[in-house]
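# Structural description and commentary
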Amino acid sequence: MGKTSLVEELQRRHTDETIFLCGRAFQATATTPYAVWVDALEQHLRSLPRRELLHVLPAGSDLPRLFPACQHLALEPVTTPAGDIGSEQVRLFGQMGTMLSRMAGDRRLVVVLDNLQWADASSVELLHAVVRALDGCRILILGVYRGDDLRAGSSLSVCLESLDRLGLAESMAVPSLTAAATGAILSEETGRGWPAGAVHQLHHLTQGNAFFVREFGKHAAAQGQDGPPAWASIEDMPGTVQALLNERLRVLDEGCRRVLAFAAAFE
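This section reports on the structure supplied with the text. (Residues numbered from 1 in each chain as written. Predicted model: local features only at pLDDT ≥ 70, side-chain atom pairs only at ≥ 80, totals over all residues. Heavy atoms only, no water.)

A few words on the overall build of the protein chain. Per the secondary structure count, the protein chain includes eleven helices and three strands. Each helix (α) and strand (β) of the protein chain, taken in turn from the N terminus, gives the series α-β-α-α-α-β-α-β-α-α-α-α-α-α. The proportion of buried residues among the 267 residues of the protein chain is 38%. In the protein chain, the share of contacts with a sequence separation of at least 24, taken over all contacts with a separation of at least 6, comes to 71%. (Helix = DSSP H or I, 4+ residues; strand = E, 2+ residues; numbered from the N terminus. Buried < 20%, exposed > 50% of the residue type's maximum accessible area, 1.4 Å probe, protein only. Contact = heavy atoms within 4.5 Å.)

What follows covers the packing of aromatic side chains. One pass over the structure, following the stated rule, counts two aromatic pairs. Relative to F216, the ring of W194 has its centre 5.7 Å away and its plane inclined at 70°; by these criteria the two rings are edge-to-face. Placement of W194 in the loop between helix 7 (179-190) and helix 8 (196-206) and of F216 in helix 9 (residues 210-223) is noted, with a sequence separation of 22 residues between them. For W194, a relative accessible area of 11% puts it in the buried group. (Phe/Tyr/Trp six-rings, centres within 6.5 Å; stacked < 30°, edge-to-face > 60°.)

Further remarks concern helix 9. Between its first and last C-alpha atoms helix 9 spans 20 Å; for 14 residues at 1.5 Å apiece the expected length is 20 Å, and the two agree. Taken together, the buried positions of helix 9 are occupied by A210, F212, V213, E215, F216, G217, H219 and A220. Against helix 7, helix 8 and helix 10 (241-250) lie the buried residues of helix 9. With a side-chain oxygen positioned 3.0 Å from the backbone nitrogen of F211, the residue opening helix 9 is N209. (Expected span 1.5 Å × (residues − 1). Polar contact = N/O pair within 3.5 Å; in protein donor to acceptor, adjacent residues only side chain to side chain.)

Attention now moves to the pairing of strand 3 (residues 139-143). Where strand 2 (residues 108-114) and strand 3 come together, five bridges link them in parallel fashion. Opposite V112, over in strand 3, you have L142 as the bridge partner. Once you follow strand 2 into helix 5 (residues 121-133) and on to strand 3, the crossover reads as right-handed. (Pairing = 2+ DSSP bridges. Right-handed = clockwise from strand over helix to strand, strands pointing away.)

With that settled, consider the pairing of strand 2. Within strand 2, six of the seven residues are buried, which leaves the element mostly enclosed by the surrounding structure. Strand direction decides the pairing type here: strand 1 (residues 18-24) and strand 2, joined by seven bridges, are parallel. For T18, the partnering residue across the bridge sits in strand 2 and is R108.

Our focus in this paragraph is the layout of surface pockets. Rolled over the atoms, a probe sized like a water molecule indicates the empty space that remains. Space inside the second largest pocket adds up to approximately 340 Å³. As for the second largest pocket, its lining consists of 17 residues, and the residues nearest its centre are S5, L6, L177, I185 and R214. Taken together, the elements giving at least two residues each to the lining of the second largest pocket come down to helix 1 (3-13), helix 7 and helix 9. Per-element tally for the lining of the second largest pocket: the top contributor is helix 1, with five residues. Of the residues contributing to the lining of the second largest pocket, the split by class is nine nonpolar, three polar and five charged. (1 Å grid on protein atoms, 1.4 Å probe; cavity = no way out; pocket = protein on both sides within 12 Å on 5 of 7 lines; lining within 4 Å. Points joined across faces, edges and corners; volume = space filled by probe spheres on them. Nonpolar A, V, L, I, M, F, W, Y, C, P; charged D, E, K, R; others polar.)

The next thing to look at is the nonpolar core. The biggest cluster of nonpolar side chains holds 44 residues, and the ones touching the most others in it are W37, L45, F67, M96, M99, L100 and I141. For this core, the secondary-structure elements that each account for two or more residues are strand 1, helix 2 (35-47), helix 3 (50-56), helix 4 (85-104), strand 2, helix 5, strand 3 and helix 6 (155-165). What L100 contacts, discounting residues up to four positions off in sequence, is W37, L41, L109, V111, V130, L134 and I139. Judged by nonpolar contacts, the second largest core, of 14 residues, contains L177, F212, V213 and F216. (Core = buried A, V, L, I, M, F, W, Y, C linked by side-chain atoms within 4.5 Å.)

A few words on the sheet that holds strand 3. Within the open sheet, the three strands sit side by side as 1-2-3. Their pairing is parallel. Edge positions in the sheet fall to strand 1 and strand 3, since each has one partner strand and no second. On average, each strand axis in the sheet is inclined to that of its neighbour by 15°, with strand direction left out of account. Against the sheet, helix 1 makes contact with strand 1, strand 2 and strand 3, and its axis sits at roughly 155° relative to strand 1, the strand it touches most. In the packing of helix 2 onto the sheet, the strands contacted are strand 1, strand 2 and strand 3, and the crossing angle to strand 1 comes to about 140°. (Axes fitted to C-alpha atoms, helices over the stretch in contact; angles between N-to-C directions.)

Looking now at the packing of helix 5 against helix 6. The contact between helix 5 and helix 6 brings their axes to 9 Å, and the two run at 10°. With respect to each other, helix 5 and helix 6 are oriented roughly parallel. Contact residues: A121, V124, L127, H128, V131 and R132 in helix 5; S155, L156, C159, S162 and L163 in helix 6. Taken together, the residues that form the contact of helix 5 with helix 6 break down as seven nonpolar, three polar and one charged. (Parallel < 35°, antiparallel > 145°, perpendicular 65-115°, else oblique.)

Next up on the list: the pattern of salt bridges. A side chain with one charge can pair with a side chain of the opposite charge if their charged atoms come near. Using the criterion set out here, one finds 13 salt bridges in the structure. Between R65 and D62 there is a salt bridge, and its shortest N-O distance comes to 3.6 Å. Judged by relative accessible area, R65 falls into the exposed class, the value being 55%. R257 is the salt-bridge partner of E254, the closest N and O atoms lying 3.3 Å from each other. Of the two residues, E254 and R257 both sit in helix 11 (residues 254-264), three residues apart, roughly one turn of that helix. What makes R257 partly exposed here is its relative accessible area of 31%. In this structure, a network of salt bridges that share partners links the residues D62, R65, E88 and R91. (Salt bridge = Lys/Arg side-chain N within 4 Å of Asp/Glu carboxyl O.)

This is the structure in structure tokens:
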């Protein structure tokens, strides 16, 4: 719980000497090939001047077909026999490893792939190939996922088990928040201390879910609450993140809700 927040804190502490490339998988793009990698790299590729972009791309690269930021280069890809999908995929995987190593150069590079439990199978296969190819490089790939959504036998589960056997991956489980951490987040969000009883009540309700606690703190701050007096008991408090967000949306006027609905359609 709070896995994405930990990555954001890591990035905040290393902004000067490390390049962070962050992508996120979505349920809506679970069948789009390489979607999480495109999300991670596209913005950075767009920021590169043409000369540097040509430098990071391998000769005869197929990558412009994958990244819109490179399509204007009109590079000639290596031709392969029609229908030879396996050779094309192997070549693409190798080119991605080369591009990442050139991006890093003499700097440290961190690639964050968030919500990997929703990543498409091709993105997971690319992850396995890239990690193997980059062994020894100054590159860290952080794959972030919900452990309770990781199904045995899934492509992600098989990938992680393989990388672990090869000694190329380390797993770190992020535990639920403690009651003390729950109180600290509430104080941070609301700007004031909370009664111990209210903190323990909320900690019990949320089971230490950092996102749930932070959203509750934002709601309490908006309502000007020192605790949860709007709910007389734990049974009266919103029992899920969705219910809490619905409660926060309910107090907005119609214009605000229409703007949010419009924005949500574009993620």
